[in-house]
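# A structural walkthrough
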There are 2 protein chains.
Amino acid sequence: MSYTKVVEVQQRLFALDHALGILDWDNLVMMPPKGATDRAEAAGTLQAMTHELITSDQLGEYLEGCDAAELDEWAKANIRELRLQRQEAFAVPADLLMAIERAIVRCDQEWRVNRAKNDWESNVESLEEVFNLFRQKAKCLGDALSITPYDALANSWERGLTQAIIDPVFDRLRRELPDIIENVLVQQSPVVPLTGDFSEDKQMSLSRTFSERLGLDYGRARMDTSFHPFSSGSVNDSRVTTRFESDSFLQSVYAAFHETGHALYTQGLPIDHRYEPAGSACGMMMHESQSLFIEMQICRSDAFLQFFHPIACNHFNVNRESQEWSFENFRNNVREVKKSYIRVDADECTYPLHVLLRYKLEQKVLSGELRVADLPGAWNDEMTELLGLSTAGNYRNGVMQDTHWFSGIIGYFPSYTLGALTAAQFYSALVRDIGDPTEDIRRGNCEGVVHWLKHNIHQKGRLMSSMDLIQQVTGSPLSVDYFLNHLHTRYLA
Amino acid sequence: MSYTKVVEVQQRLFALDHALGILDWDNLVMMPPKGATDRAEAAGTLQAMTHELITSDQLGEYLEGCDAAELDEWAKANIRELRLQRQEAFAVPADLLMAIERAIVRCDQEWRVNRAKNDWESNVESLEEVFNLFRQKAKCLGDALSITPYDALANSWERGLTQAIIDPVFDRLRRELPDIIENVLVQQSPVVPLTGDFSEDKQMSLSRTFSERLGLDYGRARMDTSFHPFSSGSVNDSRVTTRFESDSFLQSVYAAFHETGHALYTQGLPIDHRYEPAGSACGMMMHESQSLFIEMQICRSDAFLQFFHPIACNHFNVNRESQEWSFENFRNNVREVKKSYIRVDADECTYPLHVLLRYKLEQKVLSGELRVADLPGAWNDEMTELLGLSTAGNYRNGVMQDTHWFSGIIGYFPSYTLGALTAAQFYSALVRDIGDPTEDIRRGNCEGVVHWLKHNIHQKGRLMSSMDLIQQVTGSPLSVDYFLNHLHTRYLA
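What counts and how
Residues numbered from 1 in each chain as written. Chains lettered and ligands numbered in written order. Predicted model: local features only at pLDDT ≥ 70, side-chain atom pairs only at ≥ 80, totals over all residues. Heavy atoms only, no water. Helix = DSSP H or I, 4+ residues; strand = E, 2+ residues; numbered from the N terminus. Rg over C-alpha atoms; globule rule 2.2 N^0.38 Å. Buried < 20%, exposed > 50% of the residue type's maximum accessible area, 1.4 Å probe, protein only. Contact = heavy atoms within 4.5 Å. Areas by Shrake-Rupley, 256 points an atom, 1.4 Å probe, with all protein chains shown as cover. Lys, Arg positive; Asp, Glu negative; His and termini not counted. Charge placed at Lys NZ, Arg CZ, Asp CG, Glu CD. Least-squares fit on C-alpha atoms with pLDDT ≥ 70 in both. Phe/Tyr/Trp six-rings, centres within 6.5 Å; stacked < 30°, edge-to-face > 60°. Lys NZ or Arg CZ within 6 Å of the ring centre and 35° of its normal. Salt bridge = Lys/Arg side-chain N within 4 Å of Asp/Glu carboxyl O. Polar contact = N/O pair within 3.5 Å; in protein donor to acceptor, adjacent residues only side chain to side chain. Pairing = 2+ DSSP bridges. Axes fitted to C-alpha atoms, helices over the stretch in contact; angles between N-to-C directions. Expected span 1.5 Å × (residues − 1). Bend = angle between axes of the 7 residues up to and from the residue. Buried area = accessible area lost by both parts, 1.4 Å probe. Left-handed = near helix turned anticlockwise from the far one by under 90°. Nonpolar A, V, L, I, M, F, W, Y, C, P; charged D, E, K, R; others polar. pLDDT = per-residue confidence, 0-100. Patch = residues over 30% accessible without salt bridge, like charges linked within 9 Å, V, L, I, M, F, W, Y side chains within 5 Å. Parallel < 35°, antiparallel > 145°, perpendicular 65-115°, else oblique.

### With respect to the overall build of chain A
Across its full length, chain A holds 20 helices and 3 strands. Taking 23 Å as the expected radius of gyration for a compact globule of 493 residues, we find that chain A reaches 23 Å, a close match to that expectation. With respect to the three principal axes, the spread of C-alpha positions in chain A is 70 × 50 × 45 Å. Out of the 493 residues belonging to chain A, those deemed buried represent 58%. If you take every contact in chain A between residues at least 6 apart in sequence, the share linking residues at least 24 apart comes to 74%. When the accessible surface of chain A is split by element, carbon and sulfur atoms take 49% of a total near 20,100 Å². Here chain A contributes 47 positive and 69 negative side-chain charges, whose respective centroids are spaced 1 Å apart.

Here's what the structure looks like:
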């Protein structure tokens, strides 16, 4: 009886979350520019209503009244999840949350303007405010959950993720990646850039066709364009975006593949539990593992490229017999390893170093060891050490390149790299379970792969933590080995 | 102090309304097909939350505690509006509302399928259910407001609209329109259909350009396409849609003009009161008056056509010297009067007869005088009498052509014709106030016209009823005279 009441609250939380999701998508893809203030007002109010529902005495009583013995694993997971959400919601005072919301809106708006002008100075004050407020939030959450402040922030993106898990991973990557990168740079063939008529329409139709081929069901999905590619939505209405570069279609198409990986996860979630908290995705590290599984493990594999190459050549009406559009050069374009300034454009070998840098710096700023005003200098030092690139004075391609900190996404960066590790580990388990999918992929058949992901990962929703799910699916805890093996096999074999 | 609390409730009502508006727009313009069930679930829950807020004891206390003497006219209007909304919300039991919601979703979904197949029989049962439930709702509302059941439904679209107002209007139109139509049919020149390359892109860019010329601010508006053109949104984010016919651009462009009229009203609403109930549009009759003012009074006028014709010819790259694309024939196409089956395609002379028919039939079904199963016969009788057209067996172009009844929009139809009357009456007042705008319009300058509409109508929000606003703006109550004069001047002079 009491659980029935919990279900009613869940329906409301779903409705608010659904509305907030569409409002956010619309904001990034559709909304006319002057709609921003009213949209922020409406979304802020709906968030406050969500907070009120989560912290209500009534929900507390309903949860207290539930008898675990009578409940199935989904109901138990829902109750566990709601209790955690309550704990977090009670931990952070409402006025701190409101102050954060306002600070983020201001800082992010400033960033959009200042980044274009490479103007760091004008953003320092608002970014300091964001970090100050997140320092307080991290303290509140950490105290309530009896974990460290940084772990409290990491935990808000992926439950159970801690520095104790992340640090050894990055220590090893910092030790081993630089050598791998140097070796790849020596070995790889020179890349001839692909040229042709890459109109937006043609890029979009290629992305749509291939995302469908990868298993995306457009009966319950959309693909649009936005400034930064992203994915959002729910099992019956999943939305992805990509963007365009007129001189290169690969960035657009691989952004679409990446977001398709996210969307396949969303579409694969347990449909019968879609109105429940336990029916949602595990966490953002697991989400990134799914996008990177599709983008890196599948779509940058030899087998997939053998399928993709002739179709892309036909699509853009270019000559496959030319050296430029040969399979070799096509693959070299897709797989080029390069020390570069921009994280989102980085290849899978250098990418973790970009993340490592951000992880280290955000910790230092949060702990007070590093002042926001000193971030560009620290950024430059790290970039110089890790990738031999100076970012002195180049804020736009340095500390101002990512929206994350400016929009209050702190403690998130490790998810990307831990997701990449997880993807490699999952691929190994997939081969163990269903055999080598190479021949199927070469023929453009990804059904077996997507079915395995859905059955083993997507359908589990939030029944357990990502770390437990990795253990269950692969038989071992998260490990760096699979990822490093993958890089060796793909780039140095 | 108590009013401050009312304002807090208003912020929540605004947030829910804003979200519901975007969810609905998204549903009609963007959503993938399989998203429908979850969207209905989420929207239904947010509606229930709105209902709960409106009927809450707290809001009742806050409203009781407000001291009118301390409040300005906007605050007073807000309180009046919230009290009316409470009265209506208390009048209809929650389970009846839920039953209506479900019945509408089912009936509308069936209609989409059955209409395409001209299959009336399969829709009778679900439409009977809708009318049965609306009969109950009308009774509940009527009892609570001490008005008749039909007036209660009309009142839900336009406060204060009653059969006592509507009946004399339609009596006179029924008497006078048939003669006018016959005379026009005899006098008007034969129309040569306009042919050319009317691609969707070209139609859309023409619609966008002209809507901007009419005053639509795209910094806070969008124009898209949908199955039926519509407009929605709020002062800082107003959205219109149009549709395309490949063989005629005029339908698309005039649908865009019509929706632009709605959007100008929305954009002209009092911006400082946008989060308040009194800051919203007066009602749907007033809304239709604004769309028809732009579409009929302005955009089908000689002056506007003289401006529009050469630009349209250039746009579609056709020869203005040809007889087909001459000004005369262009105008004849825009103004052709024709007895036709479909309301949305009807000209302004025959349109009121289409409305009259629906008004009469929906009253009869609601009162129990006519069975839903007998609607096609009654439809055929009326169409034959009013326009000399038989719809026997042709459900698709008869009783199944409009979404309204199938989606629970009952008591709405009179708004269209009363809106057309109001538009003509407003035009007369505009000429009195600012002089004849013909010369400005001929040069494509509508600023004076739109400023007058904004200042006199849009900015008033919901401070008073539409009937009172008409009296205030024009100096006299709603009258049929202006509309009939307008038809005589335009079509028979």
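Here the narrative resumes, following the displayed structure.
### Thoughts on the relation of the copies chain A and chain B
For these two chains of identical sequence, chain A goes onto chain B by a turn of 179° and a shift of 0.1 Å along the axis, with RMSD 0.1 Å. On this basis, the relationship between the two copies can be described by a two-fold rotation axis. Nearest to the rotation axis, the C-alpha of Ala19 of chain A is located 3.0 Å from it, this being the minimum over chain A. The overlap is high: 100% of the interface residues of chain A also sit at the interface in chain B, so the same surface is used on both sides.

### Quick word on the packing of aromatic side chains
Residue and element names in this part refer to chain A. Applying the stated criterion across every chain yields a total of 62 aromatic pairs over all chains. Their ring planes at 50° and their centres at 4.6 Å tell us that Phe249 and Phe316 sit as a pair that is tilted. Of the two residues, Phe249 is situated in helix α10 (residues 249-268) and Phe316 in the loop between α12 (302-315) and α13 (327-335); the sequence distance between them amounts to 67 residues. Taking relative accessible area as the criterion, Phe316 reaches 3% and is therefore assigned buried. Put simply, the rings of Phe198, Phe210, Phe249, Tyr254, Phe257, Phe304, Phe307, Phe308, Phe316, Trp325 and Phe330 touch in pairs and so form one group of aromatic residues. One cation-aromatic arrangement involves Arg300 over Tyr254; the distance from NZ or CZ to the ring centre is 4.2 Å.

### Thoughts on the pattern of salt bridges
Going through the model one piece at a time under the given rule, you end up with 69 salt bridges over all chains. With a shortest N-O distance of 2.3 Å, Arg335 of chain A and Asp302 of chain A are connected by a salt bridge. On the criterion of sequence distance, the pair formed by Arg335 of chain A in helix α13 and Asp302 of chain A in helix α12 is long-range, its members being 33 residues apart. One salt bridge connects Arg443 of chain B with Asp440 of chain B, and the closest N-O pair in it is separated by 2.8 Å. By relative accessible area, Asp440 of chain B is classed as partly exposed at 31%. Here the salt bridges share partners, and the residues they tie into one network are Asp26 and Arg39 of chain A together with Asp237 and Arg239 of chain B.

### Topic: the side chain of Ser479 of chain A
By the element assignment, Ser479 of chain A lies in the loop between α19 (466-474) and α20 (481-492). Polar side-chain contacts of Ser479 of chain A include one of 2.9 Å to the backbone nitrogen of Asp481 of chain A.

### Some details on the sheet that holds strand β3 (residues 237-242) of chain A
Residues and elements named next belong to chain A. Taken together, 3 strands build an open sheet; the order of strands is β1-β3-β2 and the sheet is mixed. In the strand order of this sheet, the two ends are held by β1 (221-225) and β2 (231-234), each with one partner. For this sheet the average axis-to-axis angle between neighbouring strands, irrespective of direction, equals 15°. In this sheet, β3 lies alongside β1 in parallel orientation, the contact comprising 5 bridges. What sits directly across from Arg222, in β3, is Arg239.

### Some thoughts on α12 of chain A
Residue and element names in this part refer to chain A. Its 14 residues place the ends of α12 20 Å apart at the C-alpha level, agreeing with the 20 Å of an ideal helix rising 1.5 Å per residue. A maximum bend of about 30° is found in α12 at Phe308, where proline Pro310 lies one to four positions downstream. Every buried residue of α12 is accounted for by Ala303, Phe304, Leu305, Phe307, Phe308, His309, Pro310, Ala312 and Cys313. If you follow the buried residues of α12, they end up packed against α9 (200-213), α10, α11 (284-298), α13 and α17 (438-442).

### Section: helix α11 (residues 284-298) of chain B
Residues and elements named next belong to chain B. Between its first and last C-alpha atoms α11 spans 20 Å; for 15 residues at 1.5 Å apiece the expected length is 21 Å, and the two agree. Along α11, the largest kink reaches about 35° and is centred on Leu292. A large share of α11 lies buried, amounting to 14 of its 15 residues.

### A word on unusual backbone geometry
Residue and element names in this part refer to chain B. The phi angle at Asn118 is positive, at roughly 55°, despite the residue not being glycine. Relative to the assigned elements, Asn118 resides in the loop between α5 (94-116) and α6 (121-145). Here Asn118 falls in the partly exposed class, since its relative accessible area comes to 27%.

### Things to note about the sheet that holds strand β3 (residues 237-242) of chain B
All names here are of chain B. Taking strand neighbours across the sheet as the criterion, the 3 strands line up as β1-β3-β2 in an open arrangement whose pairing is mixed. Edge positions in the sheet fall to β1 (221-225) and β2 (231-234), since each has one partner strand and no second. Taken over all neighbouring pairs, the strand axes of this sheet differ in orientation by 15° on average, direction set aside. Here β2 runs beside β3; their pairing, made up of 4 bridges, is antiparallel.

### Points about the interface of chain A and chain B
Of the residues lining the interface, 37 residues belong to chain A; the matching set on chain B comes to 38 residues. Interface of chain A and chain B: buried area, both sides summed, is about 3,300 Å²; carbon and sulfur atoms make up 58% of it. Remark: the boundary between chain A and chain B carries 10 salt bridges. Its salt-bridge partner being Asp237 of chain A, residue Arg39 of chain B comes within 3.3 Å of it at the nearest N-O pair.

### Structural notes on the environment of Arg220 of chain A
Here Arg220 of chain A shows up in the loop between α9 and β1. For Arg220 of chain A, a relative accessible area of 15% corresponds to the buried category. Between the C-alpha atom of Arg220 of chain A and that of Phe327 of chain A, which follows or precedes it by 107 residues, the distance is 34 Å. Excluding residues within four positions of it along the chain, Arg220 of chain A makes contact with Val235, Asn236, Asp237, Ser238 and Gln267 of chain A together with Pro32 and Lys34 of chain B. Within polar-contact distance, the side chain of Arg220 of chain A engages the side chain of Asp217 of chain A at 2.9 Å.

### Considering the packing of helix α3 (residues 57-65) of chain A against helix α4 (residues 73-91) of chain A
Residue and element names in this part refer to chain A. Put simply, α3 and α4 touch, their axes get as near as 11 Å, and they point 145° apart. The two elements α3 and α4 meet at a crossing, and its hand is left-handed. Between α3 and α4, the contacting residues are Leu59, Gly60, Leu63 and Glu64 on the first element and Ile79, Leu82, Arg83 and Arg86 on the second. Broken down by class, the residue content of the contact of α3 with α4 amounts to 4 nonpolar, 1 polar and 3 charged.

### Looking at the confidence of the model for chain A
The predicted model of chain A averages 96 in pLDDT, with 100% of residues at 70 or higher. Among the prediction metrics, the complex's ipTM stands at 0.93, with pTM recorded as 0.94.

### What to know about a negative patch on the surface
Together, Glu200 and Asp201 of chain A together with Glu200 and Asp201 of chain B make up a region of like negative charge exposed at the surface. Following the sequence through the fold, Glu200 of chain B ends up in helix α9 (residues 200-213). Residue Glu200 of chain B is classed as partly exposed on the basis of its relative accessible area, which comes to 48%.

### Side note on the pairing of β3 of chain A
Residues and elements named next belong to chain A. Burial runs high along β3: 6 of the 6 residues are buried. Neither face of β3 is exposed, since Asp237, Arg239 and Thr241 on one face and Ser238, Val240 and Thr242 on the opposite face are all buried. Between the antiparallel neighbours β2 and β3 lie 2 residues.

### Regarding the packing of helix α1 (residues 2-29) of chain A against helix α2 (residues 36-54) of chain B
Interhelical geometry of α1 of chain A versus α2 of chain B gives an angle of 110° and a closest axis separation of 9 Å. If you check the angle between α1 of chain A and α2 of chain B, you find them roughly perpendicular. Within the contact between the two elements, α1 of chain A uses Gln11, Arg12, Phe14, Ala15, Leu16, His18, Ala19 and Ile22 of chain A and α2 of chain B uses Asp38, Arg39, Glu41, Ala42, Thr45, Leu46, Met49 and Glu52 of chain B. Grouping the constituent residues of the contact of α1 of chain A with α2 of chain B by class yields 8 nonpolar, 3 polar and 5 charged.

### Structural notes on the environment of Val473 of chain A
Residue and element names in this part refer to chain A. Considering the arrangement of structural elements, one finds Val473 in helix α19. Between the alpha carbons of Val473 and Phe483 there is a distance of 16 Å; along the sequence they are 10 residues apart. The contact partners of Val473, leaving out residues within four places of it in the chain, are Phe426, Ala429, Arg432, Trp452, Asn456 and Ile457.

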